[in-house]
Amino acid sequence: MDFTKRQTQIIDMLKQNSPLTSKKIADNLLLSVSTIRPDLRFLTSVSVLDARPKIGYEYKGNRLLSFDYETLYKMPIANILLPATEIKANDTLQDAVSKLFLKDVGSLYVVDNQSNLVGLISRKDLLRASLNNSNIQSMLASVVMTRMPNIITATADMSVFEAGRLLLHHRVDSLPVVENKMSRHAIGKITKNRIFQHFIESGINDFSN
């Protein structure tokens, strides 16, 4: 798209320093606000500039350049955890099925009497066990769970990037989150969907400010 000399000057000015009020832009060009108003209106209409009420005009490219990498990728997952859904090792398969669908979650964390993580049951585990067993009222959840230490966990201080890399590497949809490497107490979970939600929420906040 071709711009006039004055429009190009306005764009270059806002690339260097955004946002600026129309008065400040006009003063820098030694022109009146009424003179440059059609240029500002045009540049806003073609999405080169963004007009922010009571703040001024901003070059849209700067908003992408100032995207907050620290918030997006380096934030500890402790800030965005989802609650863990737990059952006891001696609960029945029927209890597990009921809780999984009642809470609408993809997996259940099996804990002992000290609330330490001892296993994990996924939807696939429950479906497979239910199809192969006609008496799910008596079978214990511990029979079909994946047991520790065969469960990949994340720690609360892990970054969003690190947790996302673990999810991708192990091809799982969620990870139990423990307090630290020495702990087996699940304080929540992190999922692919929760990280995606975090990215979208960060983008909405960035572009609405």
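It should be emphasised that the depicted structure is a prediction, and the values quoted were computed from it without experimental measurement.

1. Quick look at helix α1 (residues 5-16)
- Relative to the 16 Å expected for 12 residues at 1.5 Å per residue, α1 spans 17 Å between its end C-alpha atoms, a close match to the ideal helical length.
- Within the span of α1, buried status applies to Gln7, Ile10, Ile11, Met13 and Leu14. Buried residues of α1, viewed axially, fall in a sector of 160°; they line one side. Those residues of α1 that are exposed and angled more than 90 degrees off the buried face are Lys5 and Gln16.

2. Here we look at the packing of helix α6 (residues 93-103) against helix α7 (residues 123-131)
- Contact pair α6 / α7: the axes reach a minimum separation of 11 Å and the direction vectors enclose 135°. By the criterion of interaxial angle, the relationship of α6 to α7 is oblique. α6 and α7 meet at a crossing whose hand is left-handed. Between α6 and α7, the residues in contact are Leu93, Ala96, Val97, Leu100 and Phe101 and Arg123, Leu126, Ala129 and Ser130, respectively.

3. Observations regarding the sheet that holds strand β8 (residues 174-178)
- Judged by pairing direction, the sheet is mixed, and its 3 strands sit side by side in the order β7-β8-β9 without closing on themselves. The open sheet is flanked by β7 (154-155) and β9 (186-191), the only strands paired with a single partner.
- Taken together, the 2 bridges between β7 and β8 define a ladder with parallel strand orientation. The residue bridging Thr155 from the neighbouring strand is Val178, located in β8.
- Taken strand by strand, helix α8 (residues 160-170) contacts β8 and β9, and its axis lies near 135° from that of β8.

4. Quick notes on the pattern of salt bridges
- One pass over the structure, following the stated rule, counts 7 salt bridges.
- The salt bridge partner of Arg128 is Asp125, with a shortest N-O separation of 3.4 Å. One end of the pair, Arg128, and the other, Asp125, are both in helix α7, 3 residues apart, so they sit about a helical turn from each other.
- Taking relative accessible area as the criterion, Arg128 reaches 47% and is therefore assigned partly exposed.
- Overall, Asp125 belongs to the buried group, its relative accessible area being 15%.

5. Observations regarding α8
- All buried positions along α8 are accounted for by Val160, Ala163, Gly164, Leu166 and Leu167. What you see down the axis of α8 is that its buried residues fit within an arc of 155°, all on one side. What points out from α8, more than 90 degrees from its buried face, is the exposed set Leu168 and His169.
- Directly beyond the C-terminal end of α8, a positive phi value near 55° is found at Arg171.

6. Some points on the packing of aromatic side chains
- Throughout the structure, instances matching the rule amount to 3 aromatic pairs.
- Ring geometry for Phe3 and Phe42: centres 6.4 Å apart, planes at 70°, overall edge-to-face. On the criterion of sequence distance, the pair formed by Phe3 in the segment before α1 and Phe42 in helix α3 (residues 33-45) is long-range, its members being 39 residues apart.
- You can call Phe3 partly exposed: its relative accessible area is 28%.
- According to the relative accessible area criterion, Phe42 is partly exposed, its value standing at 30%.
- An angle of 75° between the planes, with centres 6.3 Å apart, marks the rings of Tyr73 and Phe161 as edge-to-face. Of this pair, Tyr73 sits in helix α5 (residues 69-74) while Phe161 sits in helix α8, placing them 88 residues apart in sequence.

7. Comments concerning the nonpolar core
- Core analysis: the largest hydrophobic core is formed by 16 residues, its most contacted members being Ile87, Leu93, Leu108, Val110, Ile121 and Leu126.
- Secondary-structure elements contributing two or more residues to this core are α6, β4 (107-111), β5 (117-122) and α7.
- Ignoring any residue separated from it by four or fewer positions in sequence, one finds Leu93 in contact with Leu126, Ala129, Ser130, Ile136, Met139, Leu140, Ala141 and Val144.
- In this structure, Ala26, Val48, Tyr57 and Tyr59 belong to the second largest nonpolar core, which totals 15 residues.

Conventions adopted
Residues numbered from 1 in each chain as written. Predicted model: local features only at pLDDT ≥ 70, side-chain atom pairs only at ≥ 80, totals over all residues. Heavy atoms only, no water. Helix = DSSP H or I, 4+ residues; strand = E, 2+ residues; numbered from the N terminus. Expected span 1.5 Å × (residues − 1). Buried < 20%, exposed > 50% of the residue type's maximum accessible area, 1.4 Å probe, protein only. Arc of directions from axis to C-beta. Axes fitted to C-alpha atoms, helices over the stretch in contact; angles between N-to-C directions. Parallel < 35°, antiparallel > 145°, perpendicular 65-115°, else oblique. Left-handed = near helix turned anticlockwise from the far one by under 90°. Contact = heavy atoms within 4.5 Å. Pairing = 2+ DSSP bridges. Salt bridge = Lys/Arg side-chain N within 4 Å of Asp/Glu carboxyl O. Phe/Tyr/Trp six-rings, centres within 6.5 Å; stacked < 30°, edge-to-face > 60°. Core = buried A, V, L, I, M, F, W, Y, C linked by side-chain atoms within 4.5 Å.

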